[in-house]
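Here is what each chain is made of, one letter per residue.
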Amino acid sequence: MKLSKVLTGTLIGLCISGCIQNEAPNVEAAIDSCKGKGIQLTHINHAKKDITLYVSKYNDIKKQEILFTLSENATIEADIKDTKDTPPYYNFKDYSITNLEQEKYQRGFTVTSESQTIQAQYKINLLTAELPLKYTFDHLAQTSPFHILYDEGNLRNNEAIQWTSGNEGYENCRMAKTAEMYPTIQADNGKRGKCVRLETKSTGSFGKVVHMPIAAGNLFIGAFDAVQALSKPRKATQFGFPFTQVPERLTGYYKFQAGKQMTDQNNQAMAGKDKCDIYAIMYEAEKFDFFLDGDNSLTDASIVLKARIKPEDIKESEEWEFFDLPFEPQNNKAVNSKDLAEGKYKLAIVFSSSVDGAYFKGAVGSTLWIDEVEIICKP
Amino acid sequence: MKKYIITLTAVLTLSCGNLTAQTTNKHKGLIWSALHGLDYSFKAGVNIGGSAPLPLPEEIRSLDSYSPGLAITLEGNITKWIDTQNKLGVTLGLRLDNKQMNTEATVKNYQMAILNDIGGKVEGLWTGGVKTKSKMSYITIPILANYKISNRWKLVAGPYISYLIEGTFSGNVYEGHLRTPDATGNKIEFTGDSQASYDFSNDLHKFQWGVQFGGEWKAYKHLTVHTDLTWGLNDIFKKDFETISFAMYPIYLNIGFGYAF
């Protein structure tokens, strides 16, 4: 019986293998990443097919290099044929949609799948920006399916940045039916105007099977790489944006309430009380595509300055608490003014409702409200 | 599995016990049956096969592993011979049918959806590994035509209908990427330990019908050996189930032995 079973199994296996059809051309049509000379930060909104490239003001945007990572064997073309384009170099200079004072350029691109059956139309926005020094959390760039906040400072100096959060990763666990159910949202009753509310949430059954049972609410300057959200979640949070001043202090207001029960990455109860995290780092980034991420943003040797709230100073309070965190030198390094002027330093501001949220340890319900943040620089 | 072996042993022991205890009555009954062209038999066997789309869709790139599991079948049937030479007959049976398979396959652009505990659905195209475990228990009624080639050999063929008593169809995806929610959506890589499980057990169709054909060999006066191919002709999933874009048909080879009264 055993032998016959093995034989039949093999026969069926062979038969099925023999019936495997020729491979069909790939139907995927998507942009998974954009890189290129002078690109400081890439925000890809996959749902809206809208990509924002922050580029250095020294870039020649008549010939902006964009190296696309596309779905396998897909092709990409600019919607308007421009004789000045020599892919991967594209002319953006003549496509200004400058609004208010902030210079912005936009072109349409179409991705076609290998099968030629599926097309995706993207808008690629190019802009130069400086990090603002004050953050009010009063503006939303997107309200659905989740909130995306942006802040602008003095627009004459091109000060504007969109905040990034792990909301896009949280979307994968399908626990949020409304934007308000995501970990990171804009909330009412700020210190002034609106504020941001970060809350550690359960990721449900999907999160448990991948050992990510919670998602801390987080908000940071940088990019979220959705491709890696599941396989290397800490690598997915890429922190930082070029900064050309020397920061002295990080100030602002917060309210924190710890969730009831701490759990670990396997959703097992842990002793202890949850804490939030508020910090900013300035680090050396010789190249724009160098980022510190969730794995090394507090420990990497490239860090020059760090301002971080001390765990013992964190108060649980119903009232807004002021924080004033000095930037302290790290790794025996000092800011080099030549590199500073050349944009070879990046600044990252990071908030999280659970300090070890990146390791999926925290208490569901821990909530951190933040408002009126300021980077105070040396004059 | 144990459950079935115990049942099987119990049934066999009981029937043997009955045989000795009621030899006289039984004989009378069997003689009466024989005179009216009726035969009874009890069969046990194993099902080896799988549920597969036919032809295999281009989404399936390779079958990396397959194991049939031990799926036991138990059947009691009655055959009425309709011609004078007892060559042609009709069989009506009642069968407990277990159909299992465990497979690992590599797929490309395979349409799938996974639900979480609050009913949230992630859907999209999966490219990578898919592990499937399916285990279905049916009550099956076959109605078969019989043709005796010789005293020892007979051929049987006919339709059957099955009712699903319980079934699971689940598994997980690994080493690959999901493009969600569609071919132009964002990519989520799954590597190393990151896997996601799925469970389509609740989407299995309760009714199944198909055809079977095979042969039976009489080894001794009461002992028969048989092999039958059962070929399902409707999708194992409900009509409104769209996650798997193609219909899957259960195709199993049944091998076993029987006791002819």
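How each quantity is defined
- Residues numbered from 1 in each chain as written.
- Chains lettered and ligands numbered in written order.
- Predicted model: local features only at pLDDT ≥ 70, side-chain atom pairs only at ≥ 80, totals over all residues.
- Heavy atoms only, no water.
- Helix = DSSP H or I, 4+ residues; strand = E, 2+ residues; numbered from the N terminus.
- Rg over C-alpha atoms; globule rule 2.2 N^0.38 Å.
- Buried < 20%, exposed > 50% of the residue type's maximum accessible area, 1.4 Å probe, protein only.
- Lys, Arg positive; Asp, Glu negative; His and termini not counted.
- Charge placed at Lys NZ, Arg CZ, Asp CG, Glu CD.
- Polar contact = N/O pair within 3.5 Å; in protein donor to acceptor, adjacent residues only side chain to side chain.
- Pairing = 2+ DSSP bridges.
- pLDDT = per-residue confidence, 0-100.
- Contact = heavy atoms within 4.5 Å.
- Buried area = accessible area lost by both parts, 1.4 Å probe.
- Salt bridge = Lys/Arg side-chain N within 4 Å of Asp/Glu carboxyl O.
- Nonpolar A, V, L, I, M, F, W, Y, C, P; charged D, E, K, R; others polar.
- Phe/Tyr/Trp six-rings, centres within 6.5 Å; stacked < 30°, edge-to-face > 60°.

Peer 1: Could you clarify how one ought to interpret the overall build of chain A in this entry?
Peer 2: Along its length, chain A carries 5 helices and 32 strands. Expected size for 379 residues packed as a compact globule is a radius of gyration near 21 Å; at 23 Å, chain A falls within 12% of this value. A principal-axis box enclosing the C-alpha atoms of chain A has dimensions of 80 × 60 × 40 Å. For chain A, the proportion of its 379 residues judged to be buried stands at 55%. For chain A, the distance from the average site of its 44 positive side-chain charges to the average site of its 50 negative ones is 2 Å.

Peer 1: When you look at the side chain of Ser 317 of chain A in this model, what are you seeing that I'm missing?
Peer 2: Residues and elements named next belong to chain A. One can find Ser 317 in the loop between strand S27 (303-308) and strand S28 (321-326). Given the relative accessible area of 13%, Ser 317 is considered buried. Among the polar contacts made by the side chain of Ser 317, one reaches the main-chain amide nitrogen of Glu 319 at a distance of 2.8 Å.

Peer 1: Is there a simple way to explain the sheet that holds strand S20 (residues 237-239) of chain A in this structure?
Peer 2: Paired through backbone hydrogen bonds, the strands of a sheet run either parallel or antiparallel to each other. Spatial ordering of the open sheet is given by S19-S20-S26 (chain A), a layout of 3 strands whose pairing is antiparallel. At either end of the open sheet lies a strand with only one pairing partner, and these are strand S19 (222-224) and strand S26 (292-293) of chain A.

Peer 1: Looking at this structure, how should I read the confidence of the model for chain B?
Peer 2: As a general rule, the predicted coordinates of low-pLDDT regions are not to be interpreted in detail. When pLDDT is averaged across chain B, the result is 86; 90% of the residues are at 70 or more. Predicted confidence is poor over residues 7-23 of chain B, with pLDDT under 50, and the contacts of this stretch with residues over four places away or in other chains come to 8 contacts.

Peer 1: Where do I start with the pairing of strand S12 (residues 148-152) of chain A in this structure?
Peer 2: Looking along a regular strand, one sees side chains alternate from face to face of the sheet. Residue and element names in this part refer to chain A. Pairing of strand S11 (residues 139-142) with S12 involves 3 bridges; the strand directions are antiparallel. Of the residues in S12, the one forming a bridge with Gln 142 is Ile 148. The hairpin turn running from S11 into S12, its antiparallel successor, is 5 residues long.

Peer 1: I tried to follow the interface of chain B and chain A on my own but got confused; where do I start?
Peer 2: How big an interface is tends to be stated in terms of the accessible area lost upon association of its parts. With 45 residues of chain B at the contact, the number on the chain A side is 44 residues. Taking both partners together, chain B and chain A bury about 3700 Å²; carbon and sulfur atoms supply 59% of that area. Viewed at the interface, chain A and chain B are joined by 4 salt bridges. When the shortest N-O distance is used, the salt bridge between Glu 23 of chain A and Arg 61 of chain B registers 3.8 Å. Secondary-structure elements contributing two or more residues to the side of chain B that touches chain A are strand S1 (38-52), strand S2 (60-67), strand S4 (88-115), strand S5 (121-148), strand S6 (153-180), strand S7 (186-190), strand S8 (196-199) and strand S11 (249-260) of chain B. Of the residues that constitute the side of chain B that touches chain A, the class distribution is 21 nonpolar, 16 polar and 8 charged.

Peer 1: Teacher, can you tell me more about the packing of aromatic side chains here?
Peer 2: Both the distance between ring centres and the angle between the ring planes are used here to describe each pair of aromatic rings. Residue and element names in this part refer to chain A. Within the structure shown, the criterion is met by 25 aromatic pairs over all chains. Between Phe 68 and Tyr 90 the ring centres are 6.2 Å apart and the planes differ by 65°, which places this aromatic pair in the edge-to-face class. With Phe 68 in strand S5 (residues 67-70) and Tyr 90 in strand S7 (residues 89-90), this pair connects stretches of sequence that are 22 residues apart. Per residue, the accessibility class of Phe 68 equals that of Tyr 90, and both read buried. Aromatic side chains Tyr 283 and Phe 290 sit 6.0 Å apart centroid to centroid with 70° between the ring planes, which places their arrangement in the edge-to-face category. Assessed through its relative accessible area of 0%, Tyr 283 is described here as buried.

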